[in-house]
Structure formats: C-alpha cells, structure tokens
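Topology and contacts: notes
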Amino acid sequence: MHIRNAAIEDLQKIKQLYREVARQPGGIARGEEEITNEYVEDFLVRSIESGLIIVTEHPEDPEALIGEMHAYNPGPAVFRHVYSHLTVVVHPAFRQRKIGRTMFTIFLEEIGLNRPDIGRVELIARESNRKAITFYQSFGFLIEGRLEMRIRTSEGSYEADIPMGWQNPNFEFE
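Heads up: these notes are all about the structure in this document. Note that the structure is predicted; figures quoted are calculated from it, not measured.

It is worth spelling out the environment of Leu113 at this point. Positionally, Leu113 belongs in helix H3 (residues 99-114). Through-space distance from the C-alpha of Leu113 to that of Ala71 is 16 Å; in sequence the pair is 42 residues apart.

Right under this line is the structure:
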C-alpha cells in the first residue's frame, strides 16, 4: 500500500474511485451520476491549494486508487485556521483492511506535525452511520451538535447530520 499526496493528474482516478464508492448504499452522500469532472476538480484543486489531499494507490494496478482523503480551507480569512469538508473514501473491495485508519493517521499526523497554523479539522457524518462516528471519535473528533433533517434518504425519510471537529494539539495561536 502506497499513500502519497494527490496531484491534479489524479482527477480521473479519483473520479473512478468515487463512482465505485457511490454505487454502494451509504458509501458517500452523492449518487454516481453526481460524480462529475467538475465536482472532483473542485475539491481536488481546493485541497491542493489550501488544504491536504492524499491518495492510496492500488497495490497491483498503477492506474487505480483504492483510497482518497481530503480537507481544505473554506475560504474567508476568519477561517484560515480551519480545514473543512473532510472526506474519506475507500474502494468497497478494500474495506476492512485498515486503509481508512492508516489514511486518517497519516492525515492528522501531517497536520499535527507540519501545520501548526491549522487548529481545527471539521467533518459531517450522517446520524445513521454510527460506525463512522465511532471511528472518527477514536481519532479525537468530538460531536458538536445535530443538523436536523439535513439528509433525505433514498426511502424519502429524513435524518440528522452530525458535525464533528478535531483540534490540532500543536496549533500555534497567533
């Protein structure tokens, strides 16, 4: 397993990975048809320019990825110490192999060791995804509330999104 920083040249590989994940129920909050070049390019460029994005290469196919994780600064100067929109995906055929855990460890260590200007990392998880919430908590993410009726399920019901945050223990206050 090789994990590295993503580059703009990874766009099509990331798009293919996201489409694979979107085919699985509960995989990500987008349908396969919503995984477009524009969608991937947006978060890829934002993450390269103002955040962090890593990919896990397929162990046998150099043209494929099995994992991706990113977060980026949301923009206004008042949030310059924040990485937001944290997203992690692992190819369905490679789940339960600690790839997500390894990516999270590398990602948060990179911020902790090399980004003292970043004090906070944010993500949102749907309330029914208790496994993911517990997973994020194992890295120190705290539940910070509930966004009621934020997710419309495929069955037509609604559920809350759970905002969570992690604070960089090495953040240097200005």
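So, on to unusual backbone geometry. Most peptide bonds are trans, and most residues other than glycine sit at a negative phi. At His85, a position not held by glycine, the phi torsion is positive, near 60°. Along the chain, the position of His85 falls in strand S4 (residues 82-90). A positive phi angle is found at Met149, which is not glycine, with a value near 55°. Position of Met149 among the secondary structure elements: in strand S7 (residues 147-152).

On to the nonpolar core. By size, the foremost hydrophobic cluster in this structure holds 29 residues, and its most contacted members are Leu86, Phe104, Phe107, Tyr136 and Phe141. Listed by contribution, the elements that provide at least two residues to this core are strand S2 (51-57), strand S3 (65-72), S4, H3, strand S5 (120-126), helix H4 (130-137) and strand S8 (158-167). Per element, the largest residue contribution to this core is six residues, and it comes from H3. Those residues in contact with Phe107 that sit more than four places away from it in its chain are Leu52, Ile54, Met69, His70, Ala71 and Leu86. In this structure, Ala6, Leu11, Ala22 and Val89 belong to the second largest nonpolar core, which totals 18 residues.

Right, let's talk about H4 for a bit. Listed in full, the buried residues belonging to H4 are Ala132, Ile133 and Tyr136. Projected down its long axis, H4 shows its buried positions confined to an angular sector of 100°, all on one face. The elements touched by buried residues of H4 are S4, H3, S5, strand S6 (142-143) and S8.

Another aspect to go through is the packing of aromatic side chains. Within this structure, the stated rule accounts for 11 aromatic pairs. Ring centres of Phe104 and Tyr136 lie 5.6 Å apart, and the angle between their planes is 35°; on these two criteria the pair is classed as tilted. In this pair, Phe104 sits in helix H3 while Tyr136 sits in helix H4, placing the two residues 32 residues apart along the sequence. Assigned by exposure class, Phe104 and Tyr136 land together as buried. Ring pairs connect the aromatic residues Phe104, Phe135, Tyr136, Phe139 and Phe141, which therefore count as one cluster.

For Ile118, the location among the structural elements is in the loop between H3 and S5. In this structure, the C-alpha to C-alpha distance between Ile118 and Phe171, residues 53 residues apart in sequence, is 6.2 Å.

Oppositely charged side chains can pair when the atoms bearing their charge come close. On inspection of all chains with the given rule, the structure shows 13 salt bridges. Across the pair Glu144 and Arg120 runs a salt bridge, and its minimum N-O distance is 2.6 Å. One end of the pair, Glu144, is in the loop between S6 and S7; the other, Arg120, is in strand S5, and 24 residues separate them in sequence. The salt bridge involving Glu127 is made with Arg146; its shortest N-O contact spans 3.0 Å. With Glu127 in the loop between S5 and H4 and Arg146 in the loop between S6 and S7, the pair connects residues that are 19 residues apart, well separated along the chain. Given the relative accessible area of 46%, Arg146 is considered partly exposed. Salt bridges linked by common partners bring Arg19, Glu20, Arg23 and Glu32 together as one network.

Cut-offs and rules
- Residue numbering note: each chain is counted from 1, following its sequence as written.
- Only residues with pLDDT of at least 70 are given local features in this predicted model, and only at 80 or more are side-chain atom pairs given and counted; all residues enter the totals for whole chains, interfaces and linings.
- Side-chain measures were taken over the full set of non-hydrogen atoms in the model, leaving aside hydrogen atoms and water.
- Every helix listed is a DSSP run of H or I at least four residues long, and every strand listed is a run of E at least two residues long, numbered separately from the N terminus.
- In this description, a nonpolar core means a group of buried Ala, Val, Leu, Ile, Met, Phe, Trp, Tyr and Cys residues linked to one another through side-chain atoms lying within 4.5 Å.
- Relative accessibility decides the category of a residue: with a 1.4 Å probe and only protein chains considered, values under 20% of the type maximum give buried, values over 50% give exposed, and everything between is partly exposed.
- The contact rule is simple, with two residues in contact once any of their heavy atoms fall within 4.5 Å.
- Relevant arc is that of directions from the helix axis to the C-beta atoms, nothing else.
- Here the aromatic set is Phe, Tyr and Trp, taking the six-membered ring for Trp, and pairing holds for ring centres within 6.5 Å; pairs whose planes are under 30 degrees apart are stacked, those over 60 apart are edge-to-face, and all others are tilted.
- Any carboxyl oxygen of Asp or Glu within 4 Å of a side-chain nitrogen of Lys or Arg constitutes a salt bridge here.

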